[in-house]
Amino acid sequence: MTAPTIAGGNTRATLRRNFRRGVWRALRRKPSRMMGVVILGVFTFMGLFGPLLYPERLPRDDNALYAAPSWAHPFGTDFEGTDVLALVITGARYVLLTALVTAVITVALGTAIGLFAGFRRGRWDAVLMRITDMKLTIPALPLLLVLSTIWKFTSAIEMGLVLGFLGWGGVARAVRAQTLSLRERGFVEAARGLGLSTRHIIGRELLPSMAPFIAMNTLIAVTGAVYAQVGLFFLGVLPFDANNWGVMLNLAVFGGGALTTTTALPYMLAPLLAILLLTLGIVLVVDAMDEIFNPRLREE
Amino acid sequence: MTVIARRLAGHLARGFVMILVVTTISFVIIRNIPGDPMRARYEKLVEQGMSPDQAERATAVLYGFMPKGTMWEQYVDYMKGLLRLDLGQSLSVPGTGVTTLLASAATWTILPVLVGTLLSFAVGIIMGVYAAIKRSSKLGDVLAVSGSLLHGLPQYVLALLLSAVFTTLLPIFPTGGTADVTLEPGLNAAYVGSLIQYATMPVLTYALAGYGGWILAMKSSVVTVLGDDFILAAELRGLKRGFIFRYVARNAILPLFTILALSLGLLFGGAIFIERIFTYPGLGLLLLNSITDRDYTLMGGAFLLITVAIVIANIVADMLYTAIDPRVRSGQEAS
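As the structure is a computational prediction, the values presented were derived from the model and not from experiment.

A.B. asks: Just to check I follow, could you spell out the overall build of chain B for this structure?
C.D. replies: When helices and strands are tallied, chain B shows 13 helices and 0 strands. In sequence order, the secondary structure elements of chain B are arranged as α-α-α-α-α-α-α-α-α-α-α-α-α. Considering chain B as a whole, with its 335 residues, one finds that 47% of them fall into the buried category. Taking the contacts inside chain B whose residues are at least 6 apart along the sequence as the reference set, 70% of them involve residues at least 24 apart. As displayed, chain B has an accessible area near 16,100 Å², and 66% of this comes from carbon and sulfur atoms.

A.B. asks: I keep staring at the overall build of chain A and nothing clicks. Help me out?
C.D. replies: When helices and strands are tallied, chain A shows 11 helices and 0 strands. For chain A, the sequential pattern of α-helices and β-strands runs α-α-α-α-α-α-α-α-α-α-α. The buried share of chain A, reckoned over its 300 residues, is 50%. Counted over contacts in chain A with a minimum sequence separation of 6, partners at least 24 positions apart contribute 68%. Summed over all atoms, the accessible surface of chain A reaches about 14,200 Å², with 64% contributed by carbon and sulfur.

A.B. asks: Sorry if this is basic, but what is going on with helix H8 (residues 186-193) of chain A here?
C.D. replies: Given 3.6 residues per helical turn, the α-helix brings residues three or four places apart onto the same face. Residues and elements named next belong to chain A. If you check which residues of H8 are buried, you get Phe187, Val188 and Ala191. With its buried residues spanning 100° around the axis, H8 presents them on a single face. In this structure, the buried side of H8 is in contact with helix H7 (169-182) and helix H9 (198-235). Backbone geometry just after H8 places Gly195 at a positive phi near 80°.

A.B. asks: Help me out: how do you make sense of the interface of chain B and chain A in this one?
C.D. replies: When the parts of a complex come together, some accessible area is lost, and that lost area is often used as the size of the interface. On the chain A side, the residues contacting the 47 residues of chain B number 44 residues. Here chain B packs against chain A, burying approximately 4,100 Å² in sum over the two surfaces, 79% of which is carbon and sulfur. On the chain B side of the interface with chain A, the three residues burying the most area are B:Tyr156, B:Leu160 and B:Thr168, jointly 13% of the side's total. Summed over the shared surface of chain B and chain A, the number is 0 salt bridges. Counting the contacts that link chain B with chain A gives 2 residue pairs in polar contact (both at pLDDT 80 or more). Among the elements of the structure, helix H1 (2-32), helix H6 (138-152), helix H7 (155-169), helix H8 (189-226), helix H10 (241-277), helix H11 (283-292) and helix H12 (296-324) of chain B are those that each provide at least two residues to the side of chain B that touches chain A. Of the residues assigned to the side of chain B that touches chain A, the class counts are 30 nonpolar, 12 polar and 5 charged.

A.B. asks: What is the right way to read the packing of helix H3 (residues 84-120) of chain A against H9(A) from this model?
C.D. replies: To describe two helices that pack against each other, one gives the angle between their axes and the distance between the axes. Residues and elements named next belong to chain A. Interaxial distance between H3 and H9 falls to 6 Å at its minimum, and their mutual angle equals 140°. Relative to H9, the element H3 lies oblique. When the axes of H3 and H9 are compared, the crossing they make is right-handed. Taken together, the residues of the contact of H3 with H9 sort by class into 19 nonpolar, 8 polar and no charged.

A.B. asks: How do you make sense of the environment of A:Val222 when you look at a structure like this?
C.D. replies: Positionally, A:Val222 belongs in helix H9. With 60 residues separating them in the primary sequence, A:Val222 and A:Ile282 have C-alpha atoms 8.8 Å apart.

A.B. asks: Hey, could you run me through the packing of aromatic side chains in this one?
C.D. replies: Each aromatic ring pair is described using two quantities: the centre-to-centre distance and the angle formed by the ring planes. Residue and element names in this part refer to chain A. This model, assessed by the stated rule, comprises 10 aromatic pairs over all chains. Taking the centre distance of 5.3 Å and the plane angle of 25° together, the rings of Phe234 and Phe254 count as stacked. Placement of Phe234 in helix H9 and of Phe254 in helix H10 (residues 245-255) is noted, with a sequence separation of 20 residues between them. On the basis of relative accessibility, which here comes to 31%, the residue Phe254 falls in the partly exposed class.

A.B. asks: Teacher, can you tell me more about a nonpolar patch on the surface here?
C.D. replies: Residue and element names in this part refer to chain A. A cluster of nonpolar side chains, contributed by Leu97, Leu100, Val104, Ile157, Leu161 and Phe165, occupies part of the molecular surface with about 540 Å² of accessible area. Here Phe165 lies in helix H6 (residues 156-167). What makes Phe165 partly exposed here is its relative accessible area of 49%.

A.B. asks: What is the right way to look at the pattern of salt bridges in this model?
C.D. replies: Working definition: two side chains of opposite charge can pair if their charged atoms are close together. Residue and element names in this part refer to chain A. Scanning the entire structure with this criterion turns up 1 salt bridge over all chains. We note a salt bridge from Asp125 to Arg176, for which the minimum N-O separation is 2.8 Å. Of this pair, Asp125 sits in helix H4 (residues 122-137) while Arg176 sits in helix H7, placing them 51 residues apart in sequence. Residue Asp125 shares its accessibility class with Arg176, and that shared class is buried.

What counts and what doesn't
- Residues numbered from 1 in each chain as written.
- Chains lettered and ligands numbered in written order.
- Predicted model: local features only at pLDDT ≥ 70, side-chain atom pairs only at ≥ 80, totals over all residues.
- Heavy atoms only, no water.
- Helix = DSSP H or I, 4+ residues; strand = E, 2+ residues; numbered from the N terminus.
- Buried < 20%, exposed > 50% of the residue type's maximum accessible area, 1.4 Å probe, protein only.
- Contact = heavy atoms within 4.5 Å.
- Areas by Shrake-Rupley, 256 points an atom, 1.4 Å probe, with all protein chains shown as cover.
- Arc of directions from axis to C-beta.
- Buried area = accessible area lost by both parts, 1.4 Å probe.
- Salt bridge = Lys/Arg side-chain N within 4 Å of Asp/Glu carboxyl O.
- Polar contact = N/O pair within 3.5 Å; in protein donor to acceptor, adjacent residues only side chain to side chain.
- Nonpolar A, V, L, I, M, F, W, Y, C, P; charged D, E, K, R; others polar.
- Axes fitted to C-alpha atoms, helices over the stretch in contact; angles between N-to-C directions.
- Parallel < 35°, antiparallel > 145°, perpendicular 65-115°, else oblique.
- Left-handed = near helix turned anticlockwise from the far one by under 90°.
- Phe/Tyr/Trp six-rings, centres within 6.5 Å; stacked < 30°, edge-to-face > 60°.
- Patch = residues over 30% accessible without salt bridge, like charges linked within 9 Å, V, L, I, M, F, W, Y side chains within 5 Å.

Everything listed here is a matter of coordinates, which is why it stays silent on function.
Right, dumping it as structure tokens:
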């Protein structure tokens, strides 16, 4: 199966090569973007190997409850004398696993619905977009809180599923808008003129040119999922069954009184700092991607 | 004008459907709570010596609908209650209607959200223009990245950081409640001063959380306008920079007004974190407390009110857009 070659050497291979070159150029132009990539790399490492760096049960030190930050415990210890840094590192897996599941579902559903609606137009489009608008209007966090009364999101994966099913609206809208503009372009028209099947056009022509855009949305979905999840645990509406950043925040603020005394403050600041860094990493990478896809933002 | 009227009618219809969907969700949830609190309440009342009829009526007053008949009949009863704005009785605050509780909490959400958002709008717009004009310099970079970061951070992170600095490390601002309880409520200087002091942290968080979004939106809006032909024409005619600045800002700000309405609505959802962290008794805290207290009528009511606020904000945003954008007014869809 060969791709239709359009005048000007606009084949997919060239497109891809140009894209890779664009990415590299955008990353090199500002060192901050490289830093973003490095930060994301560190978090990925933490999610994959974090729990392996420490024993199954983190050591407790009954003589050092809420210890002040020191070389042995850079962020002090928690209410039972466990090292806070170790908690942040081992807790990363839960947070990132949920975020990953959420992002995959959000993006898969959003892309499928947006592509279908944008490509088909007509009645299906209208119906799907009505549903999307409705989803976007219902406030997600209050809905999650209300749902938590009848439904315990127990595992990280289950949690990710719920967040993903609640989160595809924005992606669907964005992908639909992209599809609407792409379907009028020359290479799609050429494919249609050649009588290629809809499946081929969507899968082989539209999706690849939208891949970077989808990747960007995945990253944004990851941050959204991290926030929603950590926030739910922080508010204390979900049962604690594993160590994660949200649980740490909840225990530090409402158990340790981090907002009234300074003793539990490092315990609260450590997960906050982790979220801050993760956000920074994603923001920097998205900033680089933004420049690649929005040439208007580029300086002439 | 007919276009505007038609759009408004469409929005109202859609808003109505939205509210129907949300009330249905809260009905289904109240019906499906494990342990069926309504059944338990009914049985307890019968045990206490009420006749089944009386017990049924008492339960209906609490929950806003009768736990009898088919699912459909219960649903119709629930909806009928809503039409009369009767959201039932609160279960955790005995003898108080849900509507009363919601009304008093709404004030504590609406005012800080409004003040905080307008504040961030004003500051963000100005910084956004700078970020756009200086987008190739260090200053522009810093503004843009700080904007993205602040925009990207969840409100609870901002609230907790602010709280750590201003209430734990440097106890400047109080946390918890709306004013000093020892003061006499009324229009006296001490009480109003205390109100402002207690509202500062929540308002500051709303403002900071919104600010990043405004910088980014204004920046991209200004960049778009800068590329328009009329700017080039103005430059060629040799107009001064200040003139261009005014031209650009005025044109770039228009689309942002619609986002303003939208974000006001969305902040109602986000108020949960801020109100929880600063123990500020608004709608978000009410919803959260209703969940921990298992006060299902209050929960349904708060959820409904937050959604209605967002639906209204959406309609206002779109109507604003229709009024501002001539393409929409003349009947063309602006996509």
